[in-house]
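Architecture at a glance
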Amino acid sequence: MLASGSWDRTVRLWNPSTGEEKRSLRGHTGDVNSVAFSPDGQMLASGSDDTTVRLWNPLTGEEKRSLTGHTGSVFSVCFSPDGQMLASGSGDKTVRLWNPSTGEEKSTLTGHTEWVSSVCFSPDGKSLASGSWDRTVRLWNPSTGEEKSSLTGHTGD
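Report follows, based on the coordinates. As the structure is a computational prediction, the values presented were derived from the model and not from experiment.

What follows covers the overall build of the protein. When its secondary structure is counted, the protein shows 0 helices and 15 strands. Taking 15 Å as the expected radius of gyration for a compact globule of 157 residues, we find that the protein reaches 15 Å, a close match to that expectation. Residue burial in the protein is summarised as follows: out of 157 residues, 46% are buried. Across the protein, every contact between residues at least 6 apart in sequence was considered, and the portion connecting residues at least 24 apart equals 32%. Carbon and sulfur atoms form 47% of the exposed surface of the protein, whose accessible area is close to 7,800 Å². On the protein, the mean spot of the 15 positive side-chain charges and the mean spot of the 19 negative ones are 3 Å from each other.

This is the structure we're talking about:
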């Protein structure tokens, strides 16, 4: 199964072999900027301009929960390799860490001075990278929420 998000405010699930649309998930009230499957494929996260992260059952299309806390568009979502944590990056200049099973916000990571456009866990789950329009990539310890380092070197607008 393949997932896509769109400016039409939907998440669509596709059969990548045939190109057939399997399901359309509705619930967001803003553009959908990012989608990510949990490692076991049993959950799908979507981030939107409506400032929410939504969690879906991709097999049934049921919305499991809506995660609120961001005050700007959510541009990126990513599950940890073990599926026990979900990261979201936002136009509010923060990264938030969530427990996808309960919807509980675990921590808010601050330090970026512009929109956070990308989040990604390392393969071992011990680091989280966030990329921002402030031209930095920050590395975090997702267990403690502490910033490990800030990488600079990207240029341009």
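Structure's up, so let's keep going.
This part takes up the packing of aromatic side chains. All told, the structure shown has 2 aromatic pairs when counted by the stated rule. With a centroid separation of 4.7 Å and 45° between ring planes, the pair formed by tryptophan 115 and tryptophan 133 is classed as tilted. Residue tryptophan 115 is located in the loop between strand E11 (105-109) and strand E12 (116-121), and its partner tryptophan 133 is located in the loop between strand E13 (128-132) and strand E14 (136-140); the two are separated by 18 residues in the primary sequence. The class for tryptophan 115 is partly exposed, based on a relative accessible area of 36%. A relative accessible area of 55% places tryptophan 133 in the exposed class.

Taken together, 3 strands build an open sheet; the order of strands is E1-E2-E3 and the sheet is antiparallel. Both outer strands of the open sheet, strand E1 (2-5) and strand E3 (21-26), are each paired with one neighbouring strand and no more. Going from strand to strand, the sheet's axes swing by 20° on average, the running direction of each strand aside.

Next up on the list: the environment of proline 58. Relative to the elements of secondary structure, proline 58 occurs in the loop between strand E6 (53-56) and strand E7 (63-67). With 53 residues separating them along the chain, proline 58 and glycine 5 place their C-alpha atoms 13 Å apart. In contact with proline 58, other than residues within four places in its own chain, are Met1, Leu13, Arg23, Phe37, Gly41, Gln42, Met43 and Leu44.

Bringing the sheet that holds strand E9 (residues 86-90) into the picture now. Spatially, E8-E9-E10-E11 is the arrangement adopted by the 4 strands of the open sheet, whose pairing is antiparallel. With one partner strand each, in any of the chains shown, strand E8 (74-79) and E11 form the two edges of the open sheet. Each strand axis lies, on average, 20° off the axis of its neighbour in the sheet, ignoring direction. Pairing of E9 with strand E10 (residues 95-98), which is carried by 4 bridges, proceeds in the antiparallel orientation. Following the sheet pairing, alanine 87 is matched in E10 by leucine 97.

Conventions used here
Residue numbers restart at each chain and count upward from 1, following the sequence in its written direction. The predicted nature of this model means local features are confined to residues of pLDDT at least 70 and side-chain atom pairs, given and counted, to a pLDDT of 80 or more, with totals for whole chains, interfaces and linings taken over all residues. Based on all heavy atoms of the structure, the side-chain values leave hydrogens and waters out of the count. Comment: elements are numbered from the N terminus, with helices defined as DSSP H or I runs of at least four residues and strands as E runs of at least two. For a compact globule the rule gives 2.2 Å times the number of residues to the power 0.38, and the radius of gyration it is set against comes from C-alpha atoms. Per-residue accessibility, obtained with a 1.4 Å probe over protein chains only, is compared with the maximum for each type, and a residue is labelled buried under 20%, exposed over 50%, and partly exposed between these values. Contacts were defined at the residue level, with two residues in contact if any of their heavy atoms lie within 4.5 Å. Only the protein chains shown count as cover for residues, and the accessible areas themselves come from Shrake-Rupley with a 1.4 Å probe. Here Asp and Glu are counted as negative and Lys and Arg as positive; His is not counted, and neither are the chain ends. Charge coordinates come from a single atom per side chain, which is NZ of Lys, CZ of Arg, CG of Asp or CD of Glu. Stacked, tilted and edge-to-face are the three classes assigned to paired rings of Phe, Tyr and Trp, where Trp is represented by its six-membered ring and a pair needs centres within 6.5 Å; plane angles under 30 degrees give stacked, over 60 edge-to-face, the rest tilted. One requirement defines pairing of two strands: DSSP has to find at least two bridges between them. Whenever a helix is involved, its axis is fitted only over the stretch in contact; in every case the axis is a line through C-alpha atoms, and angles between N-to-C directions fall within 0 to 180 degrees.

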